[in-house]
Protein chains: 2
Amino acid sequence: MPFIKGLFTPLSLLMAQPIAVAIHGGAGNLTPHTLPTSKVQEHEAYLKSVVEEAYHLLEEGRLALEVVEIAVRRLEDAGYFNAGRGAVLNEKGFVQLDASIMDGKTRRSGAVAAVRATGNPVTLARLVMERTNHVLIVGEGADSLAKLWALPPLRNDYIPHASPVWTQGTVGAVALDKYGNLAAATSTGGIVGKKVGRVGDSPIIGAGTYAENGLIALSATGHGEYFIRSVLAYDIAARLRYAKASPAQAIEEAFKDRLESIGGTGGVIAVTPKGEVLFYFNTPGMYRAGKDAQGRLIVATFR
Amino acid sequence: MPFIKGLFTPLSLLMAQPIAVAIHGGAGNLTPHTLPTSKVQEHEAYLKSVVEEAYHLLEEGRLALEVVEIAVRRLEDAGYFNAGRGAVLNEKGFVQLDASIMDGKTRRSGAVAAVRATGNPVTLARLVMERTNHVLIVGEGADSLAKLWALPPLRNDYIPHASPVWTQGTVGAVALDKYGNLAAATSTGGIVGKKVGRVGDSPIIGAGTYAENGLIALSATGHGEYFIRSVLAYDIAARLRYAKASPAQAIEEAFKDRLESIGGTGGVIAVTPKGEVLFYFNTPGMYRAGKDAQGRLIVATFR
C-alpha cells in the first residue's frame, strides 16, 4: 500500500532522494609548517559550521542553487579566506572580486568580475542570472547593479586582508538537493598583486564553476589562468559524458592531462547525482569540508 | 636520395604541411530580404580579401597565431561587422569591446573585455597573453594597458555604427600553419543595447574561442550567453577527443544537444589539423570565408 510506504519512509525511498554538499576555502601551500594549529582549528570549525548549515537546509528541502549561494556568502563573510571580506589586494592596493553561480537544472548561470561595490559577489552573480538577460557582467557595470540592488557594500576599512599564507585561492560550494538538482558557486579575490581588471577562472563557467543535473557539480580553486586554459571544470564533465569515466577518474585525469601538463596547481570539489562528495588537489593542502548522501562528514586542510 | 626528394618537393611532402584558414563576420538574420545585394557583394569582397591575405601569409610560413590576429584586425577595422570600428552601442550609448586569442601549440591565451580604449582588442588580447602572467583583463585595467602599449585608440567619432541589420554577432578567425599549429581569435562589440560591463562568449576560452594542436581551432558567433552556458567551443573539442566524433559530427551534435536545447542561436567556424575548413550555423546566415589545404576558396553569407 502506497500510504504505508510513505508513512514508514523506507530506506529505499530515502536513498532515492540523496543530498550532499561540499565546500572549499582555497588550495595552496597549506602545511602544518605554514599554518599555526590554532588557525587551522578555527578555520576548520568555521568550515564545519557552514557545511552543517548547508546540509540542514538541503534536508529541509531547499534548492541546491539557494544552498550554494548561502554557503559561499558565509565563506565570503568569514574573513579567513581569499574572497569577500578576506580578499587580497591587487597591484594598486584595492580589492576586486569575482564570482559565479550555476544551476544544473537549467544550465542558467550568473557571474561578475572585477567588482568593488559589494562583499558578496556570489549574490550579485545570482541576481545577474535572475534579473538580467546576461551571464557575465564586469567592472563598473557590475558595481552599478550592486548599488541598484542594494547589496551589502564592501568597505575597505572592514576587510581584514588576511595574510597571503592562508588566503590561498578561492571559496566555493557544490550541492545536490533532494529533487536531484545540482548547483555550484565560486567566489574569489584573485591573485595577490594581480593587475587591475585581471579575472581568473572563478567567474568563468566551464573553467572554475560548472553544474549539470545528472552529471556533476564542480568548483575549482588554484592558479586561475591555468584553469581557464584547461577549461578544467567542463573537461571533467566531458570525460564523464563522452569518455564514460568515473567521477574520481575524470577529475584525476583532467588534472594530469590538462592542468599539470601546462604547470597548473590547485584543487576542485565535486558532488555527484548519487550524492558522493569528492575532493582533489595537487597542492600541499586545501581547506575543505563536505557531507555526503550517507551523512558522512569530512573536514580537513592538509593531505 | 634525400637531396633530390627535397629538390623536387613531391606532392607527398606538400600534403604533409597542410595550411588552412577560415573567418567569420557574424551569424544572424542575414537573408536576401534583410541585406541589399550591393552590401552583400561589398562585404563578401572584403571577406575574400582577408582570407586571401591570411592564406598567403600561411604559405609564406607565418604562424597561425600571427595570422588569426592579423585577420581579426582587418575585420575589426572594416566597419562592416560588429567588432572594432563597426561595434554596436551598449545601453548607455558607448562601445565596449571583447576579444580573445588562443595558441593551440601551448594553449596559451589572452583575452580582454569591456574595452573602450582601442579599436583592436584582439591585439590587446595577444599582448595580455605575451606581456602579462594573466589570461583575461577587463574594463579600466585593460584600457590602461591599451594606452601603456600605445595601441590605436578607438575614437567614437570614427565608428560608423553600422545598422544592427548587418552587424550580427562577432568576427573571428581560425588557422592552421605549415608547422601544424592551430590558432583561433574572436572579437566583438557584443549585443546591441547590452548592459554596461556585459561580457559575452567571445573573450571566454572554451565558450567562443578554442584551439588545440592535433584537435581543432574554433571561433563562435551568436547569442553569447547561450554559448557560455554550453561551454560550446570546448564541448566540440571534447567530443573529438573523448567521443571520437568527426569534426562535422562534433559540431552538429554540440549545437543540437547543448545550444539548441536551451534556445541558443549562432554559428561556428573551424579548421582541423588536416586543413579542413568547416562552417556551421543555425541562423538564416553567417558572413564567412575560408580556404582549405587543397586551396579551395569559399565565400558566402546565406545558406
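Here, the structure is the one placed above.
Each residue is numbered by its place in its chain's sequence as written, counting from 1. Naming scheme: in the order in which they are written, chains are lettered from A and ligands are numbered from 1. Where totals are concerned, whole chains, interfaces and linings use all residues; where local detail is concerned, this predicted model gives features only for residues with pLDDT of at least 70, and gives and counts side-chain atom pairs only at 80 or more. Based on all heavy atoms of the structure, the side-chain values leave hydrogens and waters out of the count.

Colleague: So what's going on with the sheet that holds strand 5 (residues 170-176) of chain B? Which residues, and what values?
Modeller: Should DSSP find at least two bridges between two strands, the strands are regarded as paired. Only DSSP runs of H or I reaching four residues or more are called helices, and only runs of E reaching two or more are called strands; each is numbered from the N terminus. Here nine strands make up an open sheet; going across it, the order is 7(A)-4(B)-3(B)-2(B)-6(B)-5(B)-1(B)-12(B)-13(B) and the pairing mixed. A strand with exactly one partner marks an edge of an open sheet, and here the two such strands are strand 7 (198-199) of chain A together with strand 13 (297-302) of chain B. Two strands pair when backbone bridges link them, and strand 7 of chain A and strand 4 (residues 136-138) of chain B are joined in this way by two bridges, in the antiparallel orientation. Within strand 4 of chain B, the residue paired with A:Arg198 across the bridge is B:Ile137.

Colleague: Explain the relation of the copies chain A and chain B residue by residue, including any values.
Modeller: In superposing the copies, a least-squares fit is computed on C-alpha atoms, taking residues whose pLDDT is at least 70 in both. The transform that puts chain A on chain B rotates by 180° and translates by 0.0 Å along the axis, for an RMSD of 0.0 Å. Considering both components of the superposition, the chain copies are consistent with a two-fold axis. Of every C-alpha in chain A, the one belonging to A:Tyr242 sits nearest the axis of rotation, 2.7 Å from it. An overlap of 100% is found between the interface residues of chain A and their copies at the interface of chain B, pointing to a shared contact surface. Contact criterion: two residues are considered in contact whenever any of their non-hydrogen atoms come within 4.5 Å of each other.

Colleague: Kindly report on the interface of chain A and chain B, identifying the contributing residues and their values.
Modeller: Across the contact, 43 residues belong to chain A and 43 residues belong to chain B. Summed over both sides, the interface of chain A with chain B buries roughly 3,500 Å², with 61% coming from carbon and sulfur. A 1.4 Å probe defines the accessible area here, and the buried area is the portion of it lost by two parts on being joined, summed over both. Of all residues in chain A, the largest losses of buried area upon contact with chain B belong to A:Arg107, A:Arg229 and A:Tyr242, amounting jointly to 21% of the total for that side. One side-chain nitrogen of Lys or Arg within 4 Å of one carboxyl oxygen of Asp or Glu is enough to make a salt bridge. Applying the counting rule to chain A against chain B returns two salt bridges. Here A:Glu212 ties to B:Arg258 by a salt bridge, and the two come within 2.9 Å at their closest N and O atoms. Two N or O atoms form a polar contact when they lie within 3.5 Å of each other; inside protein one atom must be a possible hydrogen donor and the other a possible acceptor, and for residues adjacent in sequence the pair counts only when both atoms belong to side chains. At the boundary of chain A with chain B, the tally comes to 30 residue pairs in polar contact (both at pLDDT 80 or more). Of all the secondary-structure elements, those providing two or more residues to the side of chain A that touches chain B are strand 3 (108-115), strand 4 (136-138), helix 6 (139-148), strand 7, strand 8 (209-212), helix 7 (224-230), helix 8 (232-242) and helix 9 (247-259) of chain A. With six residues, helix 8 of chain A is the largest single contributor of residues to the side of chain A that touches chain B. Basically, the charged four are Asp, Glu, Lys and Arg, the nonpolar ten are Ala, Val, Leu, Ile, Met, Phe, Trp, Tyr, Cys and Pro, and anything else, Gly included, counts as polar. Split into classes, the residues belonging to the side of chain A that touches chain B amount to 19 nonpolar, ten polar and 14 charged.

Colleague: Explain helix 4 (residues 64-78) of chain A to me, using residue names and the numbers behind them.
Modeller: All names here are of chain A. Residue count minus one, scaled by 1.5 Å, sets the expected span of a helix. Over its 15 residues, helix 4 extends 21 Å from the first C-alpha to the last, a length consistent with the 21 Å expected when each residue adds 1.5 Å. Exposure categories follow from relative accessible area, calculated using a 1.4 Å probe and restricted to protein chains: below 20% of the type maximum is buried, above 50% is exposed, and the middle band is partly exposed. In terms of burial, helix 4 is largely enclosed, as eleven of its 15 residues are buried. Residues Ala64, Leu65, Val67, Val68, Glu69, Ile70, Ala71, Val72, Leu75, Glu76 and Ala78 constitute the buried set of helix 4. Buried-residue contacts for helix 4 involve strand 1 (20-28), helix 3 (37-59), strand 2 (97-103), helix 5 (121-131), strand 5 (170-176) and strand 6 (182-188). A positive backbone phi angle near 85° is found at glycine 79, which sits one or two residues after helix 4.

Colleague: Would you mind going over the pattern of salt bridges in detail, with residue names and values included?
Modeller: Pairs may arise between side chains of opposite charge once their charged atoms sit close together. Residues and elements named next belong to chain A. For the coordinates displayed, the defined rule picks out 30 salt bridges over all chains. Residue glutamate 212 is joined to arginine 241 by a salt bridge in which the shortest nitrogen-to-oxygen separation is 2.7 Å. Of the two residues, glutamate 212 sits in strand 8 while arginine 241 sits in helix 8, which places them 29 residues apart along the sequence. Given the relative accessible area of 21%, arginine 241 is considered partly exposed. Between aspartate 235 and arginine 239 there is a salt bridge, and its shortest N-O distance comes to 2.7 Å.

Colleague: Before we move on, could you go through the pairing of strand 13 (residues 297-302) of chain A and cite the residues and values that matter?
Modeller: All names here are of chain A. Here strand 12 (residues 285-291) runs beside strand 13; their pairing, made up of five bridges, is antiparallel. Looking at strand 13, one finds that lysine 291 is bridged to leucine 297. Following strand 12, the chain reverses through five residues before pairing antiparallel with strand 13; glycine 295 in that reversal takes a positive phi of roughly 80°.

Colleague: Explain the packing of helix 8 (residues 232-242) of chain B against helix 9 (residues 247-259) of chain B to me, and be specific about the residues and the numbers.
Modeller: Residue and element names in this part refer to chain B. Taken N-terminus to C-terminus, the directions of helix 8 and helix 9 make an angle of 130°; their axes are 9 Å apart at the nearest point. Comparing the axis directions of helix 8 and helix 9 gives the class oblique. Both helix 8 and helix 9 take part in a crossing whose hand is right-handed. For the pair helix 8 and helix 9, contact is made by Leu232, Asp235, Ile236, Arg239 and Leu240 and by Pro247, Ala250, Ile251, Glu253, Ala254, Phe255, Asp257, Arg258 and Leu259, respectively. The class makeup of the residues in the contact of helix 8 with helix 9 is nine nonpolar, no polar and five charged. Between N-to-C directions, angles cover 0 to 180 degrees, with each direction set by a line fitted to C-alpha atoms, over the stretch in contact for helices. To sort the angles, those under 35 degrees are grouped as roughly parallel, those over 145 as roughly antiparallel, those from 65 to 115 as roughly perpendicular, and the leftovers as oblique. Should the near helix be turned anticlockwise from the far one by less than a right angle, the crossing is left-handed, and should it be turned clockwise, the crossing is right-handed.

Colleague: How would you summarise the packing of aromatic side chains if you had to cite specific residues and measurements?
Modeller: Only Phe, Tyr and Trp rings are paired, with Trp represented by its six-membered ring, and only when their centres lie within 6.5 Å; those with planes under 30 degrees apart are stacked, over 60 edge-to-face, the remainder tilted. According to the stated counting rule, one finds twelve aromatic pairs over all chains in the structure shown. Aromatic pair B:Tyr80 and B:Phe81: ring centres 5.9 Å apart, planes at 85°, arrangement edge-to-face. Residue classification places B:Phe81 among the buried residues on the basis of a relative accessible area of 0%. Taken together, A:Tyr46, A:Tyr80, A:Phe81 and A:Tyr287 form an aromatic cluster joined through their ring pairs. Geometry around A:Phe94 places A:Arg116 over its ring, the cationic atom sitting 3.7 Å from the centre. The ring of A:Tyr55 has A:Lys291 sitting right over it, with the charged end atom 4.8 Å from the ring centre. Should the NZ of a Lys or the CZ of an Arg lie within 6 Å of a ring centre and within 35 degrees of the ring normal, that charge is described as sitting over the ring.

Colleague: Would you mind going over the pairing of strand 5 of chain A in detail, with residue names and values included?
Modeller: Residue and element names in this part refer to chain A. Within strand 5, seven of the seven residues are buried, which leaves it mostly tucked inside the rest of the structure. Burial of strand 5 is two-sided: the residues Thr170, Gly172, Val174 and Leu176 facing one way and the residues Val171, Ala173 and Ala175 facing the other way are all buried. Pairing of strand 1 with strand 5, which is carried by five bridges, proceeds in the antiparallel orientation. Of the residues in strand 5, the one forming a bridge with valine 21 is alanine 175. Pairing of strand 5 with strand 6, which is carried by seven bridges, proceeds in the antiparallel orientation. Bridge pairing links valine 174 to alanine 184 in strand 6. The antiparallel hairpin formed by strand 5 and strand 6 contains five residues in its connecting segment, where glycine 180 sits at a positive phi of about 85°.

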